[in-house]
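# Coordinate analysis (summary)
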Amino acid sequence: AINSEGHLLLNDFGASTIEGMGMTKSPRDNVGWFLTRAPELFHEGSHPTRRSDVYSASALIFKLQTGEYPLEGLSYDDIKNRDESELHSYITQRVKIKVPDKKLRKFFLKGLNIDPDERFVDGSDLEDSLNRTLDKSYRINEFKKYTRRFGLASLILGGAVALGIYGSSFTPERAPLP
């Protein structure tokens, strides 16, 4: 597709709205690809929103992280005909199985929430959360890497040295008795 500014759009993999192009409502049933489409858009008369875009983007990020889509294994009709609690359980189980990092798991559970009001507000909110999550995970993984590399004994030795330095420089002061 080509947008109004003449830019080529290769594929949106299910992003449901393109506000810059004025496409905020969908007159059709096939809003994006079914494995990245927000579940609420399977209902007749529903319209895409920023939060349905959040779901689509989260599904794509999930695919990049795990190699699978959150609803992979379900057919179009399975997704369309299941109730929200079943879809919620399915997604929650997939996230718990496929994403070992707890902070990243929390990110996906919010972005892929069945209830649009429980998702990130928009793409900026999603991006900020992902950046914070990845930054925290990176720091934790770096700590784990150094712990494995240098061993627990070196951490204990480092703590003992730090206590030794503090202990040798500590001067007790006389405390007046009441």
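The next subject is the overall build of the protein. Each helix and strand counted, the protein has five helices and zero strands in total. Taken from the N to the C terminus, the helices and strands of the protein come in the order α-α-α-α-α. Looking at the protein alone, contacts between residues at least 24 apart form 54% of all its contacts between residues at least 6 apart. A total accessible area of about 11,900 Å² is found for the protein, and carbon and sulfur atoms account for 57% of it.

A full pass over the atoms with the stated rule returns seven aromatic pairs. With 4.9 Å between their ring centres and 80° between their planes, tryptophan 33 and tyrosine 69 make a pair best called edge-to-face. Taken together, the residues tryptophan 33 in the segment before helix H1 (50–66) and tyrosine 69 in the loop between H1 and helix H2 (76–81) connect sequence positions 36 residues apart. Each ring, one from phenylalanine 107 and one from phenylalanine 108, has its centre 5.3 Å from the other, and the planes form 70°; the classification is edge-to-face. Here the aromatic cluster, defined as three or more aromatic residues joined through ring pairs, consists of Trp33, Phe34, Phe42, Tyr69 and Tyr76. In this arrangement the basic side chain of arginine 37 is found over the ring face of phenylalanine 42, its NZ or CZ atom lying 4.6 Å from the centre. Across from the ring centre of phenylalanine 120, 5.5 Å away, lies the NZ or CZ of lysine 110, which sits over that ring.

Here the focus is the packing of helix H3 (residues 84–98) against helix H4 (residues 102–111). Running from N to C, H3 and H4 cross one another at 160°; their axes reach a closest spacing of 10 Å. Taken together, the axis directions place H3 and H4 in an arrangement best described as roughly antiparallel. Where H3 crosses over H4, the handedness of that crossing is right-handed. Residue-level contacts link Thr92, Val95 and Lys96 of H3 to Arg105, Phe108 and Leu109 of H4.

Quick notes on the rules
Residues numbered from 1 in each chain as written. Predicted model: local features only at pLDDT ≥ 70, side-chain atom pairs only at ≥ 80, totals over all residues. Heavy atoms only, no water. Helix = DSSP H or I, 4+ residues; strand = E, 2+ residues; numbered from the N terminus. Contact = heavy atoms within 4.5 Å. Areas by Shrake-Rupley, 256 points an atom, 1.4 Å probe, with all protein chains shown as cover. Phe/Tyr/Trp six-rings, centres within 6.5 Å; stacked < 30°, edge-to-face > 60°. Lys NZ or Arg CZ within 6 Å of the ring centre and 35° of its normal. Axes fitted to C-alpha atoms, helices over the stretch in contact; angles between N-to-C directions. Parallel < 35°, antiparallel > 145°, perpendicular 65-115°, else oblique. Left-handed = near helix turned anticlockwise from the far one by under 90°.

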